[in-house]
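So you can see what is in the structure, the chains are spelled out below.
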Amino acid sequence: MTPAERDMERATRMLARAKHVVVLTGAGISAESGIRTFRDTMRGLWKDFDPATLATPEAFARDPEVVTRWYDHRRLGCLAAEPNAGHTALVAIERGLIRRGGRFTLLTQNVDRLHHRAGSANVHELHGTIVVWRCTATGNELEPPPSPFREFPPRSAWGGLLRPAVVWFGEMLPIPALDAAARALRTCDCFMSVGTSSAVYPAAGFVDLAAASGSGTIEVNPQETPASGRFDVSIRARAGAALPELAARAFGTGT
Ligand code: APR
């Protein structure tokens with residue numbers, strides 16, 4: 001048995017025995033849907049911009065037109081994308097667990113809503129979502145149609161500037177999502193991190209919280225990450241390949 005086969009075997013056993021699975025996803029699970037990871041977005045029109053400076057309240061205050069153009073460009077890319085085999089495999093794992101009386105919690109750093117569109121039910125968005133925009137004057141939220149805004153920066157019917165309902169660098173993460181993550185990580189017995197560089201906290205620390213609760217931990221990423229050594233099993237593979245195989249082996253389900 002090769003080391004990779006041994007890892008897949010171990011991860012399958014952990015999933016097959018689990019009563020409560022928690023999965024954390026990052027941009028990597030949407031890469032196979034054609035959505036560039038956060039740092040890959042900066043090509044073409046946006047090649048001279050730094051995402052870390054655009055994704056901030058300060059940038060929005062300084063130049064709302066550039067920031068809203070960039071986010072509208074990404075919003076339309078997310079709406080045009082389709083969930084991939086990795087997303088649908090997580091739905092199969094969630095449904096397989098529930099069928100046998102287990103629990104499943106999905107914590108995502110992604111803002112593209114592809115987990116919802118794939119059919120995942122118990123999803124918590126740690127960084128908000130790009131498909132919903134918020135009026136900065138009233139706090140009211142709306143889901144704009146799948147076409148470009150007609151003016152930049154866009155304004156709401158209430159007259160305020162519209163911004164994407166994502167969490168910008170320096171902003172607080174949504175308390176309900178953080179609470180859900182904390183509760184789930186205290187009670188899970190299998191934690192799987194998929195497609196994240198584990199560079200951004202608090203998500204990057206979730207593996208430690210899960211392990212402290214006695215949970216088994218699995219990483220799925222074609223690349224090694226700074227957190228790889230903190231997982232029981234690290235599967236060096238694309239989400240679109242590894243997750244359907246895990247779903248089939250652990251729950252006997254197609255994706
Ligand atoms: N399957 C699984 N993982 C993949 C795939 C794939 N097909 N393709 C790429 N990856 C991995 C990369 O190896 C990388 O480790 O996905 C990870 C993407 O890392 P980032 O681009 O840093 O995205 P993410 O980890 O989600 O970033 C976390 O930081 O950029 C901010 O707020 C932003 O939510 C984001 C957060």
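Above this text sits the structure in question.
What you are looking at is a predicted structure, and each value in this text was computed from that prediction instead of being measured. (Residues numbered from 1 in each chain as written. Predicted model: local features only at pLDDT ≥ 70, side-chain atom pairs only at ≥ 80, totals over all residues. Heavy atoms only, no water.)

1. Things to note about the nonpolar core
- Counting residues in hydrophobic clusters, the biggest one holds 31 residues, and the most contacted among them are L15, I93, M192, I218, I235 and L243.
- Of the residues forming this core, the biggest block, 7 residues, is contributed by helix α10 (residues 239-251).
- Contact partners of I218, with chain neighbours within four places excluded, come to A11, M14, L15, C190, F191, M192, S193, F231, V233 and I235.
- Ranked by size, the runner-up nonpolar core spans 25 residues in total, among them V66, V111, I130 and W133. (Core = buried A, V, L, I, M, F, W, Y, C linked by side-chain atoms within 4.5 Å. Buried < 20%, exposed > 50% of the residue type's maximum accessible area, 1.4 Å probe, protein only. Helix = DSSP H or I, 4+ residues; strand = E, 2+ residues; numbered from the N terminus. Contact = heavy atoms within 4.5 Å.)

2. Examining the packing of helix α6 (residues 85-99) against α10
- Running from N to C, α6 and α10 point in directions that differ by 20°, and their axes come no closer than 8 Å. The pairing of α6 with α10 is recorded here as roughly parallel in orientation. Of the two elements, α6 crosses α10, and the hand of that crossing is left-handed. Listed contacts from α10 to A85, G86, A89, L90, A92, I93, G96 and L97 of α6 are A239, G240, L243, P244, A247 and F251.
- Of the residues assigned to the contact of α6 with α10, the class counts are 11 nonpolar, 3 polar and no charged. (Axes fitted to C-alpha atoms, helices over the stretch in contact; angles between N-to-C directions. Parallel < 35°, antiparallel > 145°, perpendicular 65-115°, else oblique. Left-handed = near helix turned anticlockwise from the far one by under 90°. Nonpolar A, V, L, I, M, F, W, Y, C, P; charged D, E, K, R; others polar.)

3. Description of the sheet that holds strand β5 (residues 141-142)
- The 3 strands are arranged β5-β4-β6 in an open sheet whose pairing can be described as antiparallel. With partners counted over all chains shown, the strands left at the sheet margins are β5 and β6 (162-166), one partner each.
- Note: strand β4 (residues 128-135) against β6, 5 bridges, orientation antiparallel. Note that in β6 the partner of G128 across the bridge is V166.
- Sheet strands in contact with helix α5 (residues 64-80) are β4 and β6, and its direction is about 135° off that of β4. (Pairing = 2+ DSSP bridges.)

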